[in-house]
Structures are given as structure tokens and as C-alpha cells.
Amino acid sequence: MFIFSLCREMLKRFPHNVAVMEKLRNLSPQECFNITGLRPSFSELPIDLAGTNNDTDILEVQWNNLGTLRFEEVFPGKNIKDISLLECWIEISKLRNATGEKMFKELSNFALRMLTLPVSNAVVERVFSVMNTTKTKLRNRMSINMLVALIRIKLHCRVKKICCVNFTPTKEMLNLFNDSMYDYDCKTQTVASTEDMTDDMFETVTLFNADDLSID
């Protein structure tokens, strides 16, 4: 009786969206490329989290089209067990058709957004901890771009165990240190491409989820 009571109490404490979050497993490479032989239907994806900005008809068409591809066509010479979910969808987002258009643009963007959802407060707390040690009261006029850049540098150094004392800047980095680095004009800023933003997303999530990341 105790075990049954314990299970019932645990179920009461689960968030209401557990069933929706469980659908994320259907975005795995094994499911996408029908390795198991029972490829999930579009309704089995976490569409509840898609929001109003996503056209579900386009997502469904692209999901069905993805099922026609074989894993070997997208990842030649690689083992499906060695491909993570994020790596899988990063590569899928780069696939183009004969006219040069991205074949799974909306679907890959949707999948990457779903896979970057924090399942607990741990990741969020890590971000705030790093941010609070970077943007202090004495540095409260720091721009968002500078704050993001510093946070990424800190996380990268901690995960890669790189000490700033032993860090050797590249020639390209040194060339950027000139008088133009003090010029700030919003109109002349270049907007990052979707591919760059996707790659940045993948790297940032990888850093935040690193096992050896600790915040002092």
C-alpha cells in the first residue's frame, strides 16, 4: 500500500504538461528517420507548444517529407547512435532543395525551439548567476550585446577549462582591436543570419547543459 500511495502522491506533484514534454522524444533521430519502423505521426509531436506563430500545415508537410529521407543521405558515414538531437536538427535545418531553398526551415526552427526549452530552473539560475557577476551596479550601463558576449566567453572558458592568463588571441582577434571598435552605430550593425543564430543556439545550449559547468 505504501508504494501505491507514494506513486499517487508523486503523480500529483508532476506538472500538468508532462504528457506534452514526453512528446519531445519523437524528435529523436531514430524516430525522424523511421529507424524503429514505427515513425510517429505529426499529431504525436509537441504541437501544443508550437504557438500561433507557426503554421501547422507547413510543419506537417515538412514532417512527412522528412520521413522520405534516409539517415545515410543526411549523415553519410555516421552512426545514428552518435548523433544527438540538437546535432540532428542543426543538420536538418541546412538541407536545401534543387532551387537552393531550405527544405525544412519551419520544422527545424520549431524542433530547435522545443529542444532548447529548460525542463527545470537549473539552466535559468545558471544564466542569472553568470549575469549577476558580469553586470554589476558599477557596470549597469553595459549594453545587451556586450553582456551576451561576455557571458558566452565566460561559459566557453569554464567548460573548455581555459584560463584567461594562458589564453592566446588569434591574429583575427588582434586585428579587431582598432579605433573602429569604439564606434557604435545601430544602423550599421549587420543582422545575423538564421544559420548563424541556429549554430549559436546549439553552442549555447551545449554549454549550459555541460556536466562540468559550475557557477561560483
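Residues numbered from 1 in each chain as written. Predicted model: local features only at pLDDT ≥ 70, side-chain atom pairs only at ≥ 80, totals over all residues. Heavy atoms only, no water.

## With respect to the overall build of the protein
Thinking step 1. Counting its secondary structure elements, the protein contains 11 helices and zero strands.
Thinking step 2. Starting at the N terminus, the α and β elements of the protein follow one another as α-α-α-α-α-α-α-α-α-α-α.
Thinking step 3. Evaluated residue by residue, the protein yields a buried proportion of 24% over its 216 residues.
Thinking step 4. Counting every atom, the protein has about 15500 Å² of accessible surface; 57% of that belongs to carbon and sulfur. (Helix = DSSP H or I, 4+ residues; strand = E, 2+ residues; numbered from the N terminus. Buried < 20%, exposed > 50% of the residue type's maximum accessible area, 1.4 Å probe, protein only. Areas by Shrake-Rupley, 256 points an atom, 1.4 Å probe, with all protein chains shown as cover.)

## What to know about the pattern of salt bridges
Thinking step 1. Following the criterion strictly, the structure yields two salt bridges and no others.
Thinking step 2. Arg-70 serves as the salt-bridge partner of Glu-72, at 3.5 Å between the closest nitrogen and oxygen.
Thinking step 3. Salt-bridge contacts for Glu-73 lead to Arg-70; the nearest nitrogen and oxygen are separated by 3.8 Å.
Thinking step 4. A network of salt bridges, in which partner residues are shared, links Arg-70, Glu-72 and Glu-73. (Salt bridge = Lys/Arg side-chain N within 4 Å of Asp/Glu carboxyl O.)

## A look at the nonpolar core
Generally speaking, nonpolar side chains in soluble globular proteins are found buried as a group.
Thinking step 1. Formed by 29 residues in total, the largest nonpolar core has its most connected members in Leu-27, Phe-33, Trp-63, Leu-66, Trp-89 and Leu-107.
Thinking step 2. When residues in this core are grouped by element, the largest group, six residues, is from helix H7 (residues 105-115).
Thinking step 3. With residues near it in sequence (within four places) discarded, Phe-33 still touches Leu-66, Leu-69, Arg-70, Phe-71, Val-74, Phe-75, Cys-88 and Ile-92.
Thinking step 4. Residues Val-130, Met-142, Ile-151 and Leu-155 belong to the second largest nonpolar core, which totals five residues. (Core = buried A, V, L, I, M, F, W, Y, C linked by side-chain atoms within 4.5 Å. Contact = heavy atoms within 4.5 Å.)

## Let's talk about the packing of aromatic side chains
Thinking step 1. In this structure the tally under the stated criterion is three aromatic pairs.
Thinking step 2. Here the aromatic rings of Phe-33 and Phe-75 are separated by 6.3 Å at their centres, their planes lie at 85°, and the arrangement is edge-to-face. In this pair, Phe-33 sits in the loop between helix H3 (29-32) and helix H4 (56-66) while Phe-75 sits in the loop between helix H5 (71-74) and helix H6 (85-93), placing the two residues 42 residues apart along the sequence. You'll find Phe-33 and Phe-75 in the same group, each marked buried.
Thinking step 3. Three or more aromatic residues joined by ring pairs make a cluster, and in this case those are Phe-33, Phe-71 and Phe-75.
Thinking step 4. Looking at Arg-39, its charged tip hangs above the ring of Trp-63, at a distance of 3.9 Å from the centre. (Phe/Tyr/Trp six-rings, centres within 6.5 Å; stacked < 30°, edge-to-face > 60°. Lys NZ or Arg CZ within 6 Å of the ring centre and 35° of its normal.)

## Let's talk about the side chain of Ser-108
Thinking step 1. Considering the arrangement of structural elements, one finds Ser-108 in helix H7.
Thinking step 2. Ser-108 gets classed as buried once you look at its relative accessible area, which sits at 1%.
Thinking step 3. A distance of 3.0 Å separates a polar side-chain atom of Ser-108 from the backbone oxygen of Lys-105.
Thinking step 4. Non-local contacts of Ser-108, meaning those with residues more than four positions away in its chain, are made with Trp-89 and Ser-93. (Polar contact = N/O pair within 3.5 Å; in protein donor to acceptor, adjacent residues only side chain to side chain.)

## Some details on a negative patch on the surface
Thinking step 1. On the surface, a cluster of negative charge is contributed by Asp-55, Asp-57, Glu-60 and Glu-106.
Thinking step 2. Position of Asp-57 among the secondary structure elements: in helix H4. (Patch = residues over 30% accessible without salt bridge, like charges linked within 9 Å, V, L, I, M, F, W, Y side chains within 5 Å. Lys, Arg positive; Asp, Glu negative; His and termini not counted. Charge placed at Lys NZ, Arg CZ, Asp CG, Glu CD.)

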